[in-house]
Amino acid sequence: MNSRDGVMTMLKKPPVSRLPPEILGEIFVHCLWFGTWGSFSAHCAPWLLTKVCRSWREVALSTPSLWSKLPFLSWKESWTKDGHLRLLELYLKNSRSAALTIRLELPPNPDNASFLPLVLPHLSQSRYLKIFHHHELPGQGGYINHKHFPLLESLKLICSCSSYTSPCRSVTAGLEGIEFPWAQLTRLAVKIPSSDEALALLKVCPSLKVCRLTPAQRSRIEIPLTLPAPRVVHPCLRTLVIEDGPFTEGLLGCLVAPALSTLEFSQYDITQSRSGVILRSILLSIRNSSAGLTSLTLRVAQTCRRQEILTKVRPILPPQINSKIF
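Residues numbered from 1 in each chain as written. Predicted model: local features only at pLDDT ≥ 70, side-chain atom pairs only at ≥ 80, totals over all residues. Heavy atoms only, no water.

1. Examining empty space enclosed by the protein
Okay, step 1: Taken as a whole, this structure holds two cavities of 30 Å³ or more when the rule is applied.
Okay, step 2: By volume, the second largest cavity amounts to about 40 Å³.
Okay, step 3: Lining the second largest cavity we find Leu252, Leu255, Ala257, Leu260, Leu284, Ser285, Asn288 and Ser289.
Okay, step 4: No other element matches helix 10 (residues 272-288), which puts three residues into the lining of the second largest cavity.
Okay, step 5: Residue composition of the lining of the second largest cavity, by class: five nonpolar, three polar and no charged. (1 Å grid on protein atoms, 1.4 Å probe; cavity = no way out; pocket = protein on both sides within 12 Å on 5 of 7 lines; lining within 4 Å. Points joined across faces, edges and corners; volume = space filled by probe spheres on them. Helix = DSSP H or I, 4+ residues; strand = E, 2+ residues; numbered from the N terminus. Nonpolar A, V, L, I, M, F, W, Y, C, P; charged D, E, K, R; others polar.)

The following block contains the structure:
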């Protein structure tokens, strides 16, 4: 009888209250902003979830993955005034040893960011790292002294620096104090100045599966490859996105990616001459991908040019390639 009463009591509860804690915790994770980032706002997850009821609070606080996606950390925030430092401490405490997703904007001077002493010791827990850096810091990059990222898989660098000296350093100008584990990265998004630099970077990132390359400086002039240009064989690369890159043809002419299945060109301004570059680049990709290319996407700013480019592209594509033009 007691067993029956217990079952009846349970059935009277709302369905969500009958979910196991681990399932409810997984649902909570999908409540994050865009499903990706945490927030300092009390009106957003994860904080809002801790205020619904006691059981939800217990589940939320005992789900490390809910706290592992840190909010955007910018040195421009009023950290002390807004109480964000305390909230960041709670994020790091509740995330425990979970792999972290971190986005941070580095300051022109490390003394300008009170959050750095809190987050730097946890960089070794980062699996996804996105760094915004808009300042030249010659000789000062060493204030980030964590040189090992055992969990890091995805790296995105947004650096507005003008000095390019050697492979890999071109994308980390001003961040000389950080030694990224290029060889273990599976996803990478960086600004790059030339075909030479792009190929050198791909060569030291043999595990990459997804790569997004953006030109460091907008230009319609291809920066020529150093001759002779050796071919770079990349066995793991599956997705390559090139955003308005003047180095497109030079890069794809030397890159052999047998596993490449998805190729995307984001050309903001395609002139008559550049449409020819795109066509030649597509043919080079088909040749160097061992017929594995199945998806081609072209993003064109000028609506009037889309149909023209489509009529040129479609005839040269093998039947297995699904093409899209936006």
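That shown, we press on.
2. Details of unusual backbone geometry
Most peptide bonds are trans, and most residues other than glycine sit at a negative phi.
Okay, step 1: Put simply, Ala45 and Pro46 share a cis peptide bond, and its omega is 5°.
Okay, step 2: In this model, Arg96 sits at a positive phi of 55°, which is unusual for a non-glycine residue.
Okay, step 3: Classification of Arg96 by relative accessible area gives partly exposed; the value is 48%. (Buried < 20%, exposed > 50% of the residue type's maximum accessible area, 1.4 Å probe, protein only.)

3. What to know about the layout of surface pockets
Okay, step 1: Space inside the largest pocket adds up to approximately 470 Å³.
Okay, step 2: Forming the boundary of the largest pocket are 23 residues, of which Trp37, Thr101, Tyr128, Ser154 and Arg187 lie nearest the centre.
Okay, step 3: For the lining of the largest pocket, the elements supplying multiple residues, two or more each, are strand 2 (100-105), strand 3 (126-133), strand 4 (154-159), strand 5 (187-192) and strand 6 (210-215).
Okay, step 4: In terms of residue count, the dominant contributor to the lining of the largest pocket is strand 3 (four residues).
Okay, step 5: Empty space within the second largest pocket amounts to approximately 150 Å³.

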